[in-house]
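# Summary of structural features
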Amino acid sequence: IFARQIYDWTNLHFLDTDGLYFDHLSLDGTLDKTKWSYNTALMIRTELLFAEILHDRKYLAQAQRSAKAGIERWVRADGAFVDNASFAHLFCGALIKLSAADHDPHWRAVVVRTLTVLHEKCRDPLGHYPEFWDSFPDKPIDKPGLRFQSSAARAFFEASSENKNLSSAAP
């Protein structure tokens, strides 16, 4: 399977010892060691697909390790998510998919807590969501941006579509 070759190559070149993924290789071969939540999120989703298609639990175990490492890195003790909205919603979506795959409510609980903090504490006085999900604006955001609002909307939608009883996380 070509997809598995890509997966193996990605893990060889981008997976760090902490279980998170580096961002990219430049054309000259320089590795950008920045870690964004979306890189890990996309690998979690990939691992879940492999686990489902190949019926191989090692991929599910890797998705769980990546999720745990990502939570340690990007979810603060108060539940706020320390990353850009455009990336944070992808990580939340990956945790929702992981919870559905392994039936562990912990992953969903992390998302519910993050989205509750986002909705209750991160919106500006006009109800706009910030670019970073660990911002607590006390005045209107100068440029709220569609991608920041749609990132929040997507996270709420994905969380609620997987479980109709997730009303505590929805606005």
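Refer to the structure above for everything that follows.
The text that follows walks through the structure, step by step, so that each part is easy to find. Small disclaimer: the values here were computed from a predicted structure and weren't measured.

Moving on, we get to the pattern of salt bridges. What the rule picks out here adds up to six salt bridges. Between Lys35 and Asp18 there is a salt bridge, and its shortest N-O distance comes to 2.7 Å. On the criterion of sequence distance, the pair formed by Lys35 in the loop between β2 (31-32) and α2 (37-54) and Asp18 in the loop between α1 (2-14) and β1 (24-25) is long-range, its members being 17 residues apart. Shared partners join several salt bridges into a network, and the residues in it are Asp16, Asp18 and Lys35.

Bringing the packing of α2 against helix α3 (residues 57-74) into the picture now. What describes two packed helices is the angle between their axes and the distance between those same axes. Contact pair α2 / α3: the axes reach a minimum separation of 8 Å and the direction vectors enclose 160°. As judged from the angle between their axes, α2 and α3 are roughly antiparallel. Our pair here, α2 against α3, has a crossing hand that is left-handed. Mapping the contact onto sequence places Ser37, Thr40, Ile44, Glu47, Leu48, Phe50, Ala51 and Leu54 in α2 and Tyr59, Leu60, Gln62, Ala63, Ser66, Ala67 and Trp74 in α3. Class assignment for the residues of the contact of α2 with α3 results in 10 nonpolar, four polar and one charged.

Quick notes on the rules
- Residues numbered from 1 in each chain as written.
- Predicted model: local features only at pLDDT ≥ 70, side-chain atom pairs only at ≥ 80, totals over all residues.
- Heavy atoms only, no water.
- Salt bridge = Lys/Arg side-chain N within 4 Å of Asp/Glu carboxyl O.
- Helix = DSSP H or I, 4+ residues; strand = E, 2+ residues; numbered from the N terminus.
- Axes fitted to C-alpha atoms, helices over the stretch in contact; angles between N-to-C directions.
- Parallel < 35°, antiparallel > 145°, perpendicular 65-115°, else oblique.
- Left-handed = near helix turned anticlockwise from the far one by under 90°.
- Contact = heavy atoms within 4.5 Å.
- Nonpolar A, V, L, I, M, F, W, Y, C, P; charged D, E, K, R; others polar.

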